[in-house]
Amino acid sequence: KILILDCGSQYTQLIARRVRELNVYCEIHPYNAIPELEDSVKGLIVSGSPFSVNDVDSPEIDLSAFRNKMPVLGVCYGAQYLAKLDGGRVEASDTREYGRAHLEEIQSQSPLMQGMPANSQVWMSHGDTILKTPENFEIIASTRDVRVAAYHIQGEDTYGIQFHPEVYHSTDGLQLIRNFLVDICQCSQDWTPISFVEDTIEQMRAKLGNDRVVLGLSGGVDSTVTAVLLSEAIGDNLHCIFVNNGLLRKNEFEGVLEQYKGMGLNVKGVDASDRFLSALAGVSDPEQKRKIIGRVFIEVFDDEASAIKEVKWLAQGTIYPDVIESVSVKGPSATIKSHHNVGGLPDFMKLKVVEPMNTLFKDEVRRVGSALGIHPDLLGRHPFPGPGLAIRILGDITAEKVRILQEVDALFINGLREHNLYDSVWQAGAILLPVQSVGVMGDERTYEQVVALRAVESTDGMTADWVHLPYNFLAEVSNKIINRVKGVNRVVYDISSKPPATIEWE
Ligand code: XMP
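Residues numbered from 1 in each chain as written. Predicted model: local features only at pLDDT ≥ 70, side-chain atom pairs only at ≥ 80, totals over all residues.

A. Expanded view of the UniProt feature "active site" (unreviewed entry) in the chain. Under the UniProt annotation, "active site" (unreviewed entry) lies at Cys76, His164 and Glu166. The annotated residues occupy 91 residues of the chain but converge on a single region, no pair of C-alpha atoms lying more than 11.4 Å apart. Position of Cys76 among the secondary structure elements: in the loop between β4 (72-75) and α2 (77-85). With residues near it in sequence (within four places) discarded, Cys76 still touches Ser9, Gly48, His126, Gln162 and His164. (UniProt positions renumbered as here; feature names shortened; annotations may be inferred. Helix = DSSP H or I, 4+ residues; strand = E, 2+ residues; numbered from the N terminus. Contact = placed C-beta atoms within 7 Å.)

B. Seen up close, unusual backbone geometry. That bond from Lys498 to Pro499 is cis: its omega, -15 degrees, falls within 30 degrees of zero. Following the sequence through the fold, Pro499 ends up in the segment after β20 (488-493). The omega angle of the peptide bond from Pro499 to Pro500 is 5 degrees, so this bond is cis rather than trans. With respect to the secondary-structure elements, Pro500 resides in the segment after β20. For Asn119, which is not glycine, the phi dihedral falls at a positive 75 degrees. Mapped onto the elements, Asn119 comes out in the loop between β5 (89-102) and β6 (121-132).

C. Quick peek at the UniProt feature "binding site: ATP" (unreviewed entry) in the chain. Feature annotation in UniProt assigns "binding site: ATP" (unreviewed entry) to the following positions: Ser218, Gly219, Gly220, Val221, Asp222, Ser223 and Thr224. Within the secondary structure, Ser218 sits in the loop between β10 (212-217) and α5 (221-234). Classification of Ser218 by C-beta neighbours within 10 Å gives partly exposed; the count is 18. Tracing the backbone through its elements, the reader meets Asp222 in helix α5. Overall, Asp222 belongs to the buried group, with 21 C-beta atoms counted inside 10 Å. (Buried ≥ 20, exposed ≤ 12 C-beta atoms within 10 Å, placed from the backbone.)

D. Representation of the packing of α5 against helix α10 (residues 362-371). The N-to-C vectors of α5 and α10 enclose an angle of 40 degrees; their axes lie 10 Å apart at closest approach. In terms of orientation, α5 and α10 fall into the oblique class. Note that α5 runs across α10; the crossing there is left-handed. In this structure, α5 uses Val221, Asp222 and Val225 to contact α10, whose residues at the interface are Val365, Arg366, Val368 and Gly369. (Axes fitted to C-alpha atoms, helices over the stretch in contact; angles between N-to-C directions. Parallel < 35°, antiparallel > 145°, perpendicular 65-115°, else oblique. Left-handed = near helix turned anticlockwise from the far one by under 90°.)

E. Representation of the pairing of strand β17 (residues 427-441) within the structure. Summarising the sheet, β17 and strand β18 (residues 444-457) pair through 12 bridges and their orientation is antiparallel. Among the inter-strand pairings, Ala428 is bridged to a residue of β18, identified as Ala455. Where β17 hands over to β18, the hairpin turn is made up of 2 residues, of which Gly442 adopts a positive phi near 65 degrees. (Pairing = 2+ DSSP bridges.)

F. The environment of Gln259, seen in detail. With respect to the element layout, Gln259 can be found in helix α6 (residues 252-262). Overall, Gln259 belongs to the partly exposed group, with 17 C-beta atoms counted inside 10 Å. Residues Gln259 and Leu378, spaced 119 residues apart in sequence, show a C-alpha to C-alpha distance of 8.9 Å.

G. Region of the structure containing the confidence of the model for the chain. Confidence along the chain averages 93 in pLDDT terms, with 95% of residues attaining 70 or more. Taken together, the stretch residues 330-343 has pLDDT below 50 and engages in 21 contacts with residues farther than four places along the chain or on a different chain. Taken together, the chains of this predicted complex give a pTM of 0.88 and an interface ipTM of 0.99. (pLDDT = per-residue confidence, 0-100.)

H. Broad picture of helix α4 (residues 193-208). A rise of 1.5 Å per residue sets the reference length of α4, with its 16 residues, at 22 Å; its end C-alpha atoms lie 22 Å apart and thus fit the reference within 8%. Every buried residue of α4 is accounted for by Phe196, Val197, Met204 and Leu208. Take α4 and look down its axis: the buried residues cluster within an arc of 95 degrees, on one side only. When the buried face of α4 is taken as reference, the exposed residues oriented beyond 90 degrees from it are Ile194, Asp199, Glu202 and Ala206. The elements touched by buried residues of α4 are β10, α5, β13 (311-315), β16 (352-354) and α10. (Expected span 1.5 Å × (residues − 1). Arc of directions from axis to C-beta.)

I. Seen up close, the sheet that holds strand β8 (residues 150-153). An order of β2-β1-β3-β4-β9-β8-β7 is seen for the 7 strands of this open sheet, with the pairing classed as mixed. The open sheet has two edge strands, β2 (26-30) and β7 (137-141), and neither has a second partner. On average, adjacent strands in this sheet sit at an angle of 20 degrees to one another, irrespective of strand direction. When β8 meets strand β9 (residues 158-161), the two strands line up antiparallel, connected through 4 bridges. Bridged to Ala150 within β9 is Ile161. Relative to β2, helix α1 (residues 12-21) is tilted by about 160 degrees, and along the sheet it contacts β1 (2-6), β2, β3 (43-46) and β4.

What follows is the structure, encoded as C-alpha coordinates:
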(Lines give C-alpha, C1' and ligand atoms only; values in the text may rest on other atoms or scores of the structure.)
Protein backbone atom coordinates (compact mmCIF):
# COMPACT_ATOMS: atom_id res chain seq x y z
CA LYS A 1 0.00 0.00 0.00
CA ILE A 2 0.82 3.68 -0.28
CA LEU A 3 0.71 6.22 2.54
CA ILE A 4 -0.48 9.74 1.90
CA LEU A 5 0.53 12.34 4.47
CA ASP A 6 -2.05 15.10 4.58
CA CYS A 7 -0.84 18.63 5.18
CA GLY A 8 -4.34 20.07 4.89
CA SER A 9 -4.84 20.37 1.13
CA GLN A 10 -8.37 20.32 -0.22
CA TYR A 11 -7.10 17.81 -2.81
CA THR A 12 -5.72 15.13 -0.46
CA GLN A 13 -8.75 12.85 -0.77
CA LEU A 14 -8.63 13.24 -4.52
CA ILE A 15 -5.04 11.94 -4.54
CA ALA A 16 -6.24 8.89 -2.62
CA ARG A 17 -9.08 8.28 -5.04
CA ARG A 18 -6.74 8.44 -8.03
CA VAL A 19 -4.33 5.97 -6.42
CA ARG A 20 -7.21 3.59 -5.79
CA GLU A 21 -8.56 4.03 -9.31
CA LEU A 22 -5.25 2.48 -10.31
CA ASN A 23 -6.11 -0.48 -8.09
CA VAL A 24 -3.52 0.33 -5.46
CA TYR A 25 -4.67 0.56 -1.83
CA CYS A 26 -3.71 3.71 0.06
CA GLU A 27 -4.37 5.42 3.38
CA ILE A 28 -4.45 9.06 4.39
CA HIS A 29 -2.83 10.11 7.67
CA PRO A 30 -2.21 13.55 9.16
CA TYR A 31 1.41 14.64 8.60
CA ASN A 32 1.85 14.88 12.37
CA ALA A 33 0.36 11.48 13.22
CA ILE A 34 2.43 9.08 11.15
CA PRO A 35 1.42 5.48 11.89
CA GLU A 36 3.88 2.72 12.62
CA LEU A 37 5.23 1.51 9.28
CA GLU A 38 4.37 -1.95 8.08
CA ASP A 39 6.35 -3.83 5.44
CA SER A 40 3.42 -3.51 3.08
CA VAL A 41 4.01 0.25 2.71
CA LYS A 42 5.69 0.70 -0.66
CA GLY A 43 5.80 4.46 -1.00
CA LEU A 44 4.82 7.86 0.34
CA ILE A 45 2.99 10.84 -1.12
CA VAL A 46 3.13 14.19 0.71
CA SER A 47 0.14 16.40 -0.06
CA GLY A 48 -0.30 20.10 -0.67
CA SER A 49 -1.22 22.54 2.07
CA PRO A 50 -2.86 25.92 2.58
CA PHE A 51 0.36 26.95 4.38
CA SER A 52 3.47 28.44 2.87
CA VAL A 53 6.68 26.61 3.83
CA ASN A 54 7.85 29.96 5.15
CA ASP A 55 4.98 30.36 7.64
CA VAL A 56 6.15 29.98 11.24
CA ASP A 57 3.51 27.37 11.99
CA SER A 58 3.72 25.51 8.67
CA PRO A 59 3.57 21.70 8.76
CA GLU A 60 6.93 20.11 9.59
CA ILE A 61 7.05 16.55 8.44
CA ASP A 62 9.37 13.92 9.86
CA LEU A 63 10.46 12.04 6.75
CA SER A 64 13.25 10.03 8.39
CA ALA A 65 11.27 6.80 8.22
CA PHE A 66 10.69 7.25 4.48
CA ARG A 67 13.54 8.92 2.61
CA ASN A 68 16.12 6.48 1.27
CA LYS A 69 13.91 3.66 2.50
CA MET A 70 11.10 3.93 -0.03
CA PRO A 71 10.05 6.22 -2.89
CA VAL A 72 8.63 9.62 -1.91
CA LEU A 73 6.55 12.00 -4.02
CA GLY A 74 5.93 15.55 -2.80
CA VAL A 75 2.99 17.35 -4.38
CA CYS A 76 2.89 21.18 -4.32
CA TYR A 77 3.59 22.00 -0.63
CA GLY A 78 5.17 18.56 -0.34
CA ALA A 79 7.59 19.43 -3.15
CA GLN A 80 8.37 22.86 -1.71
CA TYR A 81 8.91 21.41 1.75
CA LEU A 82 11.50 18.92 0.46
CA ALA A 83 13.25 21.64 -1.55
CA LYS A 84 13.47 23.95 1.45
CA LEU A 85 14.48 21.14 3.81
CA ASP A 86 17.48 20.31 1.60
CA GLY A 87 18.64 23.91 1.43
CA GLY A 88 16.73 25.31 -1.54
CA ARG A 89 14.88 28.60 -1.66
CA VAL A 90 11.09 28.84 -1.82
CA GLU A 91 9.39 32.21 -2.03
CA ALA A 92 6.25 33.97 -2.99
CA SER A 93 7.16 35.31 -6.39
CA ASP A 94 5.79 37.05 -9.45
CA THR A 95 5.73 33.74 -11.24
CA ARG A 96 2.94 32.29 -9.13
CA GLU A 97 0.49 30.30 -11.17
CA TYR A 98 -3.16 29.39 -10.80
CA GLY A 99 -5.02 27.21 -13.25
CA ARG A 100 -3.84 25.62 -16.47
CA ALA A 101 -0.20 25.43 -17.52
CA HIS A 102 1.75 23.22 -19.91
CA LEU A 103 4.82 21.09 -19.26
CA GLU A 104 7.95 21.91 -21.26
CA GLU A 105 11.44 20.44 -21.28
CA ILE A 106 10.19 17.09 -20.02
CA GLN A 107 13.11 14.77 -19.22
CA SER A 108 11.72 11.71 -20.92
CA GLN A 109 14.33 9.38 -19.42
CA SER A 110 12.97 10.08 -15.91
CA PRO A 111 10.82 7.19 -14.67
CA LEU A 112 8.26 9.66 -13.33
CA MET A 113 7.84 11.27 -16.74
CA GLN A 114 7.38 8.11 -18.83
CA GLY A 115 4.61 8.56 -21.38
CA MET A 116 4.04 12.23 -20.52
CA PRO A 117 3.48 13.97 -23.87
CA ALA A 118 5.20 17.26 -24.70
CA ASN A 119 3.05 20.22 -23.71
CA SER A 120 0.97 18.11 -21.34
CA GLN A 121 -1.64 20.26 -19.59
CA VAL A 122 -1.29 20.43 -15.81
CA TRP A 123 -3.24 22.19 -13.06
CA MET A 124 -1.34 24.66 -10.88
CA SER A 125 -2.52 26.15 -7.63
CA HIS A 126 0.27 27.75 -5.64
CA GLY A 127 1.40 31.09 -4.31
CA ASP A 128 5.01 30.11 -3.58
CA THR A 129 7.56 28.93 -6.10
CA ILE A 130 10.81 26.99 -5.76
CA LEU A 131 13.32 29.60 -6.88
CA LYS A 132 16.52 27.72 -6.18
CA THR A 133 17.03 23.98 -5.89
CA PRO A 134 19.85 22.24 -4.00
CA GLU A 135 22.67 20.87 -6.18
CA ASN A 136 21.55 17.26 -6.28
CA PHE A 137 18.08 18.21 -7.51
CA GLU A 138 17.56 17.41 -11.17
CA ILE A 139 14.74 19.38 -12.83
CA ILE A 140 12.64 16.97 -14.90
CA ALA A 141 9.94 19.34 -16.20
CA SER A 142 9.24 23.07 -16.39
CA THR A 143 6.38 25.29 -17.48
CA ARG A 144 6.58 28.69 -19.13
CA ASP A 145 6.45 30.49 -15.78
CA VAL A 146 7.78 27.91 -13.36
CA ARG A 147 11.21 26.41 -13.95
CA VAL A 148 10.92 23.82 -11.19
CA ALA A 149 7.62 22.16 -12.13
CA ALA A 150 9.00 18.67 -11.37
CA TYR A 151 12.28 17.43 -9.90
CA HIS A 152 14.10 14.28 -8.91
CA ILE A 153 16.53 14.16 -5.99
CA GLN A 154 19.59 12.31 -7.25
CA GLY A 155 20.71 9.29 -5.28
CA GLU A 156 17.25 8.56 -3.92
CA ASP A 157 13.78 7.73 -5.22
CA THR A 158 12.43 11.09 -4.14
CA TYR A 159 10.44 13.33 -6.49
CA GLY A 160 8.60 16.61 -6.23
CA ILE A 161 5.96 18.14 -8.48
CA GLN A 162 4.57 21.63 -8.28
CA PHE A 163 1.32 20.85 -10.13
CA HIS A 164 -1.63 18.70 -9.06
CA PRO A 165 -1.73 15.44 -11.04
CA GLU A 166 -4.84 14.33 -9.13
CA VAL A 167 -7.25 16.86 -10.65
CA TYR A 168 -8.91 16.08 -13.97
CA HIS A 169 -7.55 19.25 -15.58
CA SER A 170 -4.10 17.64 -15.41
CA THR A 171 -4.80 15.56 -18.48
CA ASP A 172 -1.93 13.11 -18.04
CA GLY A 173 -1.96 13.22 -14.25
CA LEU A 174 -3.13 9.65 -13.91
CA GLN A 175 -0.22 8.48 -16.10
CA LEU A 176 2.21 10.28 -13.79
CA ILE A 177 0.63 8.78 -10.68
CA ARG A 178 0.74 5.36 -12.35
CA ASN A 179 4.45 5.86 -13.11
CA PHE A 180 5.09 6.60 -9.46
CA LEU A 181 3.02 3.71 -8.12
CA VAL A 182 3.89 0.97 -10.56
CA ASP A 183 7.34 1.77 -11.97
CA ILE A 184 8.89 3.57 -9.02
CA CYS A 185 7.17 2.02 -5.97
CA GLN A 186 6.59 -1.33 -7.70
CA CYS A 187 3.06 -1.67 -6.40
CA SER A 188 1.04 -4.45 -7.95
CA GLN A 189 -2.33 -3.20 -9.14
CA ASP A 190 -4.38 -5.90 -7.50
CA TRP A 191 -6.64 -3.96 -5.15
CA THR A 192 -10.01 -4.44 -6.88
CA PRO A 193 -13.62 -4.60 -5.65
CA ILE A 194 -13.48 -8.39 -5.91
CA SER A 195 -10.23 -8.66 -3.97
CA PHE A 196 -11.69 -6.29 -1.37
CA VAL A 197 -14.75 -8.51 -1.01
CA GLU A 198 -12.67 -11.68 -0.70
CA ASP A 199 -10.23 -10.19 1.81
CA THR A 200 -12.96 -8.58 3.89
CA ILE A 201 -15.03 -11.76 4.07
CA GLU A 202 -11.97 -13.60 5.31
CA GLN A 203 -11.13 -10.90 7.88
CA MET A 204 -14.71 -10.72 9.10
CA ARG A 205 -14.89 -14.49 9.56
CA ALA A 206 -11.67 -14.40 11.58
CA LYS A 207 -12.81 -11.44 13.66
CA LEU A 208 -16.43 -12.43 14.29
CA GLY A 209 -16.16 -16.20 14.45
CA ASN A 210 -19.50 -17.55 15.53
CA ASP A 211 -20.63 -14.29 17.19
CA ARG A 212 -23.96 -12.67 16.47
CA VAL A 213 -23.98 -9.22 14.89
CA VAL A 214 -26.80 -6.69 14.69
CA LEU A 215 -27.08 -4.06 11.94
CA GLY A 216 -29.55 -1.26 11.26
CA LEU A 217 -30.57 -1.18 7.61
CA SER A 218 -31.78 2.14 6.23
CA GLY A 219 -32.45 1.33 2.58
CA GLY A 220 -29.40 3.43 1.69
CA VAL A 221 -26.37 2.20 -0.24
CA ASP A 222 -23.87 2.07 2.65
CA SER A 223 -25.92 -0.01 5.06
CA THR A 224 -27.15 -2.29 2.27
CA VAL A 225 -23.67 -3.10 0.99
CA THR A 226 -22.42 -3.61 4.56
CA ALA A 227 -25.25 -6.06 5.20
CA VAL A 228 -24.67 -8.10 2.06
CA LEU A 229 -20.93 -8.25 2.66
CA LEU A 230 -21.36 -9.39 6.27
CA SER A 231 -24.05 -11.82 5.33
CA GLU A 232 -21.65 -13.43 2.84
CA ALA A 233 -19.14 -13.75 5.68
CA ILE A 234 -21.27 -14.93 8.60
CA GLY A 235 -24.68 -15.84 7.14
CA ASP A 236 -27.65 -15.65 9.48
CA ASN A 237 -25.49 -14.68 12.44
CA LEU A 238 -26.05 -11.24 10.96
CA HIS A 239 -29.35 -9.90 12.27
CA CYS A 240 -30.58 -6.88 10.31
CA ILE A 241 -33.21 -4.50 11.59
CA PHE A 242 -35.06 -2.21 9.20
CA VAL A 243 -37.14 0.41 11.03
CA ASN A 244 -40.07 2.19 9.44
CA ASN A 245 -40.13 5.62 11.06
CA GLY A 246 -43.22 6.55 9.08
CA LEU A 247 -41.22 9.21 7.25
CA LEU A 248 -39.96 7.12 4.36
CA ARG A 249 -41.03 7.46 0.73
CA LYS A 250 -44.31 5.96 -0.44
CA ASN A 251 -44.23 2.13 -0.29
CA GLU A 252 -40.52 2.26 0.50
CA PHE A 253 -40.70 0.18 3.67
CA GLU A 254 -42.60 -2.73 2.10
CA GLY A 255 -40.71 -2.56 -1.23
CA VAL A 256 -37.20 -2.41 0.18
CA LEU A 257 -37.95 -5.02 2.83
CA GLU A 258 -39.03 -7.40 0.05
CA GLN A 259 -35.82 -6.69 -1.85
CA TYR A 260 -33.73 -7.36 1.27
CA LYS A 261 -35.47 -10.67 1.84
CA GLY A 262 -35.02 -11.56 -1.83
CA MET A 263 -31.30 -11.03 -1.37
CA GLY A 264 -31.27 -13.65 1.38
CA LEU A 265 -30.67 -11.22 4.25
CA ASN A 266 -31.80 -12.18 7.73
CA VAL A 267 -33.84 -9.03 8.21
CA LYS A 268 -36.64 -7.99 10.52
CA GLY A 269 -38.91 -5.12 9.51
CA VAL A 270 -40.19 -3.06 12.43
CA ASP A 271 -43.04 -0.66 11.77
CA ALA A 272 -42.67 2.05 14.42
CA SER A 273 -44.43 4.81 12.44
CA ASP A 274 -46.91 5.60 15.20
CA ARG A 275 -44.23 5.85 17.83
CA PHE A 276 -42.27 8.39 15.73
CA LEU A 277 -45.32 10.39 14.69
CA SER A 278 -46.66 10.73 18.22
CA ALA A 279 -43.24 11.81 19.52
CA LEU A 280 -43.13 14.45 16.76
CA ALA A 281 -46.65 15.78 17.28
CA GLY A 282 -46.73 19.57 17.49
CA VAL A 283 -42.96 20.00 16.95
CA SER A 284 -41.93 22.53 14.27
CA ASP A 285 -38.30 23.26 15.03
CA PRO A 286 -36.05 21.34 12.59
CA GLU A 287 -33.29 20.57 15.07
CA GLN A 288 -35.89 19.39 17.60
CA LYS A 289 -37.36 17.10 14.94
CA ARG A 290 -33.94 15.64 14.19
CA LYS A 291 -33.24 15.04 17.89
CA ILE A 292 -36.57 13.35 18.50
CA ILE A 293 -36.15 11.08 15.48
CA GLY A 294 -32.64 10.16 16.60
CA ARG A 295 -33.79 9.40 20.12
CA VAL A 296 -36.82 7.31 19.13
CA PHE A 297 -34.71 5.41 16.60
CA ILE A 298 -32.23 4.46 19.31
CA GLU A 299 -35.07 3.34 21.60
CA VAL A 300 -36.69 1.20 18.92
CA PHE A 301 -33.41 -0.21 17.73
CA ASP A 302 -32.31 -1.01 21.25
CA ASP A 303 -35.55 -2.85 22.00
CA GLU A 304 -35.07 -4.97 18.92
CA ALA A 305 -31.35 -5.54 19.42
CA SER A 306 -31.79 -6.69 23.00
CA ALA A 307 -34.40 -9.19 21.84
CA ILE A 308 -31.65 -10.97 19.90
CA LYS A 309 -29.96 -13.41 22.24
CA GLU A 310 -26.24 -13.07 22.86
CA VAL A 311 -25.56 -10.44 20.29
CA LYS A 312 -21.96 -9.22 20.61
CA TRP A 313 -21.38 -6.78 17.77
CA LEU A 314 -22.97 -3.75 16.21
CA ALA A 315 -22.17 -3.39 12.51
CA GLN A 316 -22.18 0.07 10.95
CA GLY A 317 -21.96 1.27 7.37
CA THR A 318 -19.38 3.96 8.19
CA ILE A 319 -17.30 4.92 5.14
CA TYR A 320 -13.78 6.33 4.78
CA PRO A 321 -14.56 10.07 4.50
CA ASP A 322 -16.29 9.80 7.91
CA VAL A 323 -13.17 8.53 9.66
CA ILE A 324 -10.28 10.32 7.96
CA GLU A 325 -8.64 12.51 10.53
CA SER A 326 -8.54 15.94 9.03
CA VAL A 327 -5.72 18.43 9.45
CA SER A 328 -6.91 21.71 10.85
CA VAL A 329 -6.00 24.55 8.50
CA LYS A 330 -5.97 27.01 11.39
CA GLY A 331 -3.13 25.36 13.20
CA PRO A 332 -0.90 22.34 12.90
CA SER A 333 -2.85 20.23 15.39
CA ALA A 334 -4.84 17.36 13.96
CA THR A 335 -8.51 17.26 14.85
CA ILE A 336 -11.03 14.55 14.24
CA LYS A 337 -14.00 15.58 12.16
CA SER A 338 -17.30 15.01 13.87
CA HIS A 339 -20.04 13.43 11.81
CA HIS A 340 -23.53 12.25 12.51
CA ASN A 341 -22.74 8.67 11.49
CA VAL A 342 -19.74 8.30 13.77
CA GLY A 343 -19.69 7.66 17.47
CA GLY A 344 -23.45 7.49 17.64
CA LEU A 345 -23.29 4.46 19.89
CA PRO A 346 -25.43 4.88 23.01
CA ASP A 347 -23.89 3.72 26.29
CA PHE A 348 -26.60 1.23 27.03
CA MET A 349 -25.78 -0.85 24.01
CA LYS A 350 -22.56 -2.40 25.21
CA LEU A 351 -21.66 -3.85 21.87
CA LYS A 352 -18.36 -3.92 20.04
CA VAL A 353 -18.44 -2.04 16.75
CA VAL A 354 -17.51 -3.54 13.40
CA GLU A 355 -17.27 -1.31 10.31
CA PRO A 356 -16.21 -3.40 7.31
CA MET A 357 -16.41 -0.51 4.85
CA ASN A 358 -14.58 2.16 6.77
CA THR A 359 -11.69 2.15 4.29
CA LEU A 360 -13.86 2.82 1.23
CA PHE A 361 -14.92 5.97 -0.57
CA LYS A 362 -18.55 6.26 -1.69
CA ASP A 363 -17.91 5.32 -5.32
CA GLU A 364 -15.94 2.29 -4.12
CA VAL A 365 -18.87 1.21 -1.94
CA ARG A 366 -21.01 1.12 -5.09
CA ARG A 367 -18.39 -0.88 -6.98
CA VAL A 368 -18.10 -3.35 -4.11
CA GLY A 369 -21.91 -3.58 -4.06
CA SER A 370 -21.85 -4.36 -7.75
CA ALA A 371 -19.19 -7.05 -7.24
CA LEU A 372 -21.51 -8.55 -4.61
CA GLY A 373 -24.28 -8.73 -7.19
CA ILE A 374 -26.57 -6.10 -5.63
CA HIS A 375 -29.13 -4.78 -8.09
CA PRO A 376 -28.05 -1.53 -9.82
CA ASP A 377 -31.38 0.11 -8.88
CA LEU A 378 -30.56 -0.30 -5.20
CA LEU A 379 -26.98 0.93 -5.69
CA GLY A 380 -28.03 3.92 -7.77
CA ARG A 381 -30.60 5.26 -5.33
CA HIS A 382 -30.49 8.95 -4.52
CA PRO A 383 -29.28 9.86 -1.03
CA PHE A 384 -32.13 10.30 1.43
CA PRO A 385 -31.76 12.03 4.82
CA GLY A 386 -32.08 9.96 8.00
CA PRO A 387 -34.96 12.11 9.34
CA GLY A 388 -36.69 11.52 6.02
CA LEU A 389 -39.79 13.48 5.09
CA ALA A 390 -39.82 15.13 8.56
CA ILE A 391 -37.35 17.75 7.33
CA ARG A 392 -39.26 18.15 4.06
CA ILE A 393 -42.50 19.01 5.82
CA LEU A 394 -41.92 22.58 6.97
CA GLY A 395 -43.60 23.19 10.30
CA ASP A 396 -45.26 20.49 12.37
CA ILE A 397 -45.85 16.95 11.15
CA THR A 398 -49.14 15.08 10.89
CA ALA A 399 -50.01 11.74 9.31
CA GLU A 400 -52.06 13.58 6.69
CA LYS A 401 -49.15 15.85 5.69
CA VAL A 402 -46.90 12.79 5.39
CA ARG A 403 -49.45 11.13 3.14
CA ILE A 404 -49.71 14.20 0.87
CA LEU A 405 -45.96 14.55 0.59
CA GLN A 406 -45.47 10.83 -0.10
CA GLU A 407 -47.91 11.07 -3.02
CA VAL A 408 -46.25 14.18 -4.45
CA ASP A 409 -42.75 12.74 -4.03
CA ALA A 410 -43.75 9.47 -5.70
CA LEU A 411 -45.16 11.27 -8.76
CA PHE A 412 -41.96 13.32 -9.06
CA ILE A 413 -39.53 10.44 -8.56
CA ASN A 414 -41.45 8.03 -10.79
CA GLY A 415 -41.62 10.75 -13.43
CA LEU A 416 -37.84 11.14 -13.29
CA ARG A 417 -37.48 7.39 -13.77
CA GLU A 418 -39.97 7.22 -16.64
CA HIS A 419 -38.21 10.05 -18.45
CA ASN A 420 -34.76 8.55 -17.87
CA LEU A 421 -33.75 11.54 -15.80
CA TYR A 422 -33.31 9.76 -12.45
CA ASP A 423 -29.67 8.77 -12.94
CA SER A 424 -28.59 12.20 -14.15
CA VAL A 425 -29.86 13.77 -10.93
CA TRP A 426 -27.85 13.38 -7.72
CA GLN A 427 -30.74 13.91 -5.34
CA ALA A 428 -34.39 14.83 -5.81
CA GLY A 429 -37.43 15.22 -3.64
CA ALA A 430 -40.45 17.31 -2.79
CA ILE A 431 -41.03 19.76 0.04
CA LEU A 432 -44.40 20.53 1.61
CA LEU A 433 -44.58 24.24 2.38
CA PRO A 434 -46.51 25.70 5.31
CA VAL A 435 -48.27 27.98 2.86
CA GLN A 436 -51.73 27.84 1.37
CA SER A 437 -52.66 29.65 -1.79
CA VAL A 438 -55.77 30.33 -3.80
CA GLY A 439 -56.63 28.30 -6.89
CA VAL A 440 -59.61 27.43 -9.01
CA MET A 441 -60.74 23.94 -9.85
CA GLY A 442 -63.85 23.72 -12.00
CA ASP A 443 -66.19 26.40 -10.75
CA GLU A 444 -64.81 26.37 -7.25
CA ARG A 445 -62.14 28.38 -5.59
CA THR A 446 -59.65 26.30 -3.63
CA TYR A 447 -57.34 27.21 -0.79
CA GLU A 448 -54.73 24.48 -0.60
CA GLN A 449 -51.05 23.61 0.00
CA VAL A 450 -48.02 24.56 -2.08
CA VAL A 451 -45.29 21.99 -2.78
CA ALA A 452 -41.78 22.68 -4.01
CA LEU A 453 -39.79 20.26 -6.16
CA ARG A 454 -36.01 20.10 -5.79
CA ALA A 455 -33.48 18.29 -7.97
CA VAL A 456 -29.73 18.86 -7.67
CA GLU A 457 -26.46 17.84 -9.26
CA SER A 458 -23.58 17.23 -6.86
CA THR A 459 -20.74 14.85 -6.14
CA ASP A 460 -20.74 14.83 -2.35
CA GLY A 461 -23.59 17.07 -1.21
CA MET A 462 -21.15 19.76 -0.06
CA THR A 463 -21.88 21.93 -3.08
CA ALA A 464 -24.79 21.48 -5.45
CA ASP A 465 -26.43 23.08 -8.44
CA TRP A 466 -30.11 22.86 -9.35
CA VAL A 467 -30.79 20.66 -12.34
CA HIS A 468 -32.20 22.32 -15.45
CA LEU A 469 -34.99 19.79 -15.85
CA PRO A 470 -36.84 20.07 -19.17
CA TYR A 471 -39.88 22.40 -19.04
CA ASN A 472 -42.18 19.79 -20.60
CA PHE A 473 -41.18 17.33 -17.88
CA LEU A 474 -41.86 19.88 -15.14
CA ALA A 475 -45.19 20.74 -16.77
CA GLU A 476 -46.24 17.10 -16.87
CA VAL A 477 -45.27 16.42 -13.25
CA SER A 478 -46.92 19.61 -12.02
CA ASN A 479 -50.15 18.67 -13.80
CA LYS A 480 -50.15 15.17 -12.39
CA ILE A 481 -49.53 16.40 -8.86
CA ILE A 482 -52.28 19.00 -8.90
CA ASN A 483 -54.78 16.66 -10.53
CA ARG A 484 -54.08 13.63 -8.42
CA VAL A 485 -53.02 14.79 -4.98
CA LYS A 486 -55.92 16.14 -3.03
CA GLY A 487 -54.87 19.09 -0.91
CA VAL A 488 -52.27 20.53 -3.31
CA ASN A 489 -53.12 23.23 -5.83
CA ARG A 490 -49.72 24.76 -6.63
CA VAL A 491 -46.26 23.40 -7.55
CA VAL A 492 -43.05 25.45 -7.63
CA TYR A 493 -39.51 24.45 -8.68
CA ASP A 494 -36.51 25.37 -6.51
CA ILE A 495 -33.81 27.07 -8.61
CA SER A 496 -31.27 27.77 -5.85
CA SER A 497 -27.72 26.47 -5.70
CA LYS A 498 -25.72 25.39 -2.66
CA PRO A 499 -24.14 27.55 -1.41
CA PRO A 500 -25.84 29.77 -0.43
CA ALA A 501 -28.99 27.63 -0.22
CA THR A 502 -28.82 24.12 1.24
CA ILE A 503 -30.23 21.03 -0.47
CA GLU A 504 -32.88 20.45 2.20
CA TRP A 505 -35.15 23.30 3.24
CA GLU A 506 -34.77 22.55 6.95
P1 XMP B 1 -27.98 20.10 3.06
O2 XMP B 1 -29.44 20.35 3.26
O3 XMP B 1 -27.16 20.35 4.30
O4 XMP B 1 -27.85 18.55 2.77
O5 XMP B 1 -27.44 20.82 1.86
C6 XMP B 1 -26.68 17.90 2.33
C7 XMP B 1 -26.98 16.41 2.28
O8 XMP B 1 -27.21 15.91 3.61
C9 XMP B 1 -28.51 15.36 3.72
N10 XMP B 1 -29.03 15.73 5.04
C11 XMP B 1 -29.12 14.88 6.07
N12 XMP B 1 -28.82 13.55 6.17
N13 XMP B 1 -29.51 13.56 8.43
C14 XMP B 1 -29.04 12.90 7.34
O15 XMP B 1 -28.79 11.70 7.44
C16 XMP B 1 -29.85 14.88 8.41
O17 XMP B 1 -30.29 15.46 9.42
C18 XMP B 1 -29.64 15.57 7.16
N19 XMP B 1 -29.83 16.86 6.76
C20 XMP B 1 -29.45 16.92 5.46
C21 XMP B 1 -29.29 15.96 2.57
O22 XMP B 1 -30.38 15.12 2.18
C23 XMP B 1 -28.25 16.07 1.49
O24 XMP B 1 -28.03 14.84 0.84
